[in-house]
Each structure stands twice: as C-alpha cells, then as structure tokens.
Amino acid sequence: MTTWHVLGAGSLGILWASRLARAGLPVRLILRNPDRLNDYRNAGGLRLTENGQTHLYRIPAELAQADTPIRRLLVACKAYDAENAVAQVASRFAESCEILLLQNGLGSQQAVASRWPAARCLFVSSTEGAYRQNGFHATFAGQGQNWLGDPNDSTAPAWLEDLAAASIPHRWTTDIMGRLWHKLALNCAINPLTVLHDCRNGELRAHPQALDALCDELAALLVANGYPELAAGLAEDVRQVIEATAANYSSMYQDVHAGRRTEITYLLGHACSTAALIGLKVPHLDGLHRRLQTLLDRRGLPRD
Ligand code: NAD
Ligand code: KPL
C-alpha cells in the first residue's frame, strides 16, 4: 500500500490525515521544524473533533529531511507556503510521484506543477470546512465536497478507493481548472468586500452595485479563460452563496481579524494579474485589490 505523506498539519492536514489513518491506510506527517515535531510527540498524535466527539490518531511524523521515498504527497499548506514546502521534500520524490494540492485560489498549484514536471500533480477544490483549536487539534466544521482533477490527464487514479475507504467525500472531474476558477470568482466577489465593509457575507446584500460591477468583470475573465457557461451564471451563483452563508464571516475576513496572512495573491491578485496578462480591463477588481492591500498595510499584514 502506498503511504500518504501529508505535508502540513494544519486544519485540512489534520482532517485528511486523521480520516485516512482511521481507515487503516499508511500515513506519515511531515512537520516544518524540530520544535514542531517535538510538540507533536508531546501531544501524542492528532486530535480531530467531529459531531462533538474527539478522537486521537497516533500518526507517525517526520521532518522534510527524512530519507524514505515519497510516492504520494498531500500538500496541506497555505497557497503562499506550498511551493517552498514542496521544495523541502522534492529530493525524496520517487519515480512517478503524485502530488495532491489542496490550496485555495490559483497560481500556487501551477507553480508546483511546472517546477516538478516529472510528478503527477492533482489539483483539489475543497468546500469542506475545518478549523484548528490549538497545536494538533482540529474541528470538522462543515460538510462539503472535494473535487479532484488533473489538468493534463483525465484518467482518474485508482487510489480514489482510499478516499472512499476513508469516507472522504470526493468527485473526480475532467475540468478541475473550471472548478477552481469558479470558486476563485466567488471568493473574489465576496471575500474582499466583507473585509472592506467589516461585515458578514449576508450584509453584502446592501452593496448590489459593487457586486454587479465585480461580477461583470469576473464573468469577462471566466469567458476569456474558456468558461462562458460559468460566466453566464456567476452573478446568480454569488447571490446564492451570499444567501446560503449569510450569517458567516468569509475566510478572508476571519484571517484578517485573527491577524493571519491572507491568500490575496492567489485570489484577487491572480484574477488581476491574469487579466493584465491577456489585456482585459478590470478597473473594479484592480481598485478592490488596491483598497484591500491598503487595509492590509494598515493592519500590519503582508500585502501579498
Ligand atoms: P492551516 O494554516 O491551518 O495549515 C497549514 C499548515 O501548513 C500549518 O500547520 C503550517 O505550519 C504548515 N506548513 C507551512 N509550511 C510548511 C512546511 N514547509 N513544512 C511543513 N508544514 C508547513 O491552513 P488550512 O486551513 O489547513 O488551509 C490549507 C489550504 O486549504 C489553504 O489554501 C486553504 O485556503 C485551503 N482550504 C482550507 C479550508 C479550511 O476549512 N481550513 C477549506 C477549503 C480550502
Ligand atoms: O469560500 C468562501 C470563503 O469564505 O472563503 C465563501 C463562503 C464561498 C465566501 O466566498
């Protein structure tokens, strides 16, 4: 059985590693430094809380410098850490290594795929939710779906059976880029405005003109990238997400309020840079990007 190496033991890393391990699959965690490995050993394993019940999973852990070969790597870092984190373990890649990239937004996945062309890179678009309580303890916070796909190869890998055995919801798609672009467009329409207006998703109902202007530009970007059918439904999809998540704070809002670095470069930044590259004018997205960066500067958070 191929071992699942999980790079990054944050919210999603804990969620995936725990479920794989409890299905009896071989899992190893790769932690970022000796202090964290020491903390992990003191914690005795990963803890995952689901439906109010907490279980401990004693999953073996190691550092990037370990010498066992890596055949399947699940990258569960933030988008801004992904490429560097993969670089730390790349010397251990076995022939025909597979890399699953769980990052939100776009840009980090392509960076990894183009730097390690011999590995098969699978992109994942996840709508599951988890948050970290402390150290190595995460809480499963929202049912969702994991869409998996490979932009260069439509063949589904046989190991999707592992995900089924671990009860990890998943669907294979031959259009993972469409899935990721659609989620990116939703996130660009909603998340930055919730930060700038300091509000829950539902309160964006009070800003229909701003939403319409952003949706028009995001739809043009989707068309330019080959997704006219996603573009046609975007404004309605944004309204539906706002209704369905009205009481929630967006993930970017939560990052900013917790003083955490955001994934802005891989969301709004990626939308604006892609538009610039193809010569598409997106003044509202560019303006939103600048206002968001100014707010991040004021809060002492990285602007990229
Ligand atoms: P997180 O911050 O909770 O976890 C990331 C972990 O990666 C941290 O523990 C960090 O220490 C570790 N890390 C960073 N660099 C490393 C390195 N070089 N070596 C080893 N570990 C390293 O993040 P998360 O919430 O799990 O999110 C991961 C990705 O999944 C993000 O792109 C996020 O947008 C996406 N996502 C998260 C959720 C969610 O509910 N949490 C849902 C959908 C998508
Ligand atoms: O994915 C989201 C987020 O908060 O990051 C939603 C709920 C779709 C809002 O954009």
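Since this is a predicted model, take the numbers as computed values, not measurements.

Caption draft 1: Up close: the domain arrangement of the chain. Here the domain parsing of the chain yields domain 1 (4–174) and domain 2 (178–298). A separation of 26 Å is found between the C-alpha centroids of domain 1 and domain 2. In this assembly, 17 residues from domain 1 lie in contact with 13 residues from domain 2. Summed over both sides, the interface of domain 1 with domain 2 buries roughly 1,500 Å², with 60% coming from carbon and sulfur. Among the residues domain 1 hides against domain 2, the three largest losses belong to Tyr80, Asn104 and Leu106. Together they make up 49% of the total. Taken together, the connections running from domain 1 to domain 2 amount to six residue pairs in polar contact (both at pLDDT 80 or more). Of all the secondary-structure elements, those providing two or more residues to the side of domain 1 that touches domain 2 are helix H3 (79–89), helix H4 (108–115) and strand S8 (120–126). Tallying contributions element by element places S8 first for the side of domain 1 that touches domain 2, with four residues. Residues belonging to the side of domain 1 that touches domain 2 are distributed by class as follows: six nonpolar, ten polar and one charged.

Caption draft 2: Quick peek at the pattern of salt bridges. Summed over the entire model, instances satisfying the criterion amount to 14 salt bridges. With a closest N to O distance of 2.9 Å, Arg205 and Glu243 form a salt bridge. Placement of the pair is Arg205 in the loop between helix H6 (176–196) and helix H7 (208–224) and Glu243 in helix H8 (residues 228–244), with a sequence separation of 38 residues. Assessed through its relative accessible area of 48%, Arg205 is described here as partly exposed. The partner of Arg303 in a salt bridge is Asp297, and the shortest N-O contact between them spans 2.7 Å. Connected through shared salt-bridge partners, Arg28, Glu62 and Arg92 make up one network.

Caption draft 3: Spotlight on unusual backbone geometry. For Asn51, which is not glycine, the phi torsion reads 50° and is therefore positive. One can find Asn51 in the loop between strand S3 (46–50) and strand S4 (53–57). In this model, Ser96 sits at a positive phi of 55°, which is unusual for a non-glycine residue. Examined against the element boundaries, Ser96 turns out to sit in strand S7 (residues 93–101). Taking relative accessible area as the criterion, Ser96 reaches 62% and is therefore assigned exposed.

Caption draft 4: Quick peek at the sheet that holds S7. An order of S5-S2-S1-S6-S7-S8-S11-S12 is seen for the eight strands of this open sheet, with the pairing classed as mixed. Looking at which strands have only one partner, the edges of the open sheet turn out to be strand S5 (61–63) and strand S12 (171–172). Judged from the two bridges that link them, strand S11 (residues 146–149) and S12 form a sheet pairing that is parallel. Within S12, the position partnered with Leu148 by the bridge is Trp172. Along the sheet, helix H1 (residues 11–22) makes contact with strand S1 (4–7), strand S2 (27–31), strand S6 (70–75), S8 and S11, crossing S2 at roughly 155°. Across the sheet, H4 touches S7 and S8, and the angle it forms with S8 is around 170°.

Caption draft 5: The packing of aromatic side chains, seen in detail. For the structure on display, the rule yields four aromatic pairs. Ring geometry for Tyr40 and Phe136: centres 5.1 Å apart, planes at 70°, overall edge-to-face. In this pair, Tyr40 sits in helix H2 (residues 34–43) while Phe136 sits in the loop between strand S9 (129–134) and strand S10 (137–142), placing the two residues 96 residues apart along the sequence. With respect to burial, Tyr40 and Phe136 carry one shared label: buried. With a centroid separation of 4.3 Å and 15° between ring planes, the pair formed by Tyr249 and Tyr253 is classed as stacked. Relative accessible area serves as the criterion here: at 10%, Tyr253 is assigned to the buried category. In this structure, Arg72 is placed above the aromatic ring of Trp4, and the distance from its NZ or CZ to the ring centre is 4.8 Å. Across the ring face of Tyr80, the terminal group of Arg261 is positioned such that the distance to the ring centre comes to 4.0 Å.

The rules behind each value
- Residues numbered from 1 in each chain as written.
- Chains lettered and ligands numbered in written order.
- Predicted model: local features only at pLDDT ≥ 70, side-chain atom pairs only at ≥ 80, totals over all residues.
- Heavy atoms only, no water.
- Domains from an automatic or database assignment.
- Contact = heavy atoms within 4.5 Å.
- Buried area = accessible area lost by both parts, 1.4 Å probe.
- Polar contact = N/O pair within 3.5 Å; in protein donor to acceptor, adjacent residues only side chain to side chain.
- Helix = DSSP H or I, 4+ residues; strand = E, 2+ residues; numbered from the N terminus.
- Nonpolar A, V, L, I, M, F, W, Y, C, P; charged D, E, K, R; others polar.
- Salt bridge = Lys/Arg side-chain N within 4 Å of Asp/Glu carboxyl O.
- Buried < 20%, exposed > 50% of the residue type's maximum accessible area, 1.4 Å probe, protein only.
- Pairing = 2+ DSSP bridges.
- Axes fitted to C-alpha atoms, helices over the stretch in contact; angles between N-to-C directions.
- Phe/Tyr/Trp six-rings, centres within 6.5 Å; stacked < 30°, edge-to-face > 60°.
- Lys NZ or Arg CZ within 6 Å of the ring centre and 35° of its normal.

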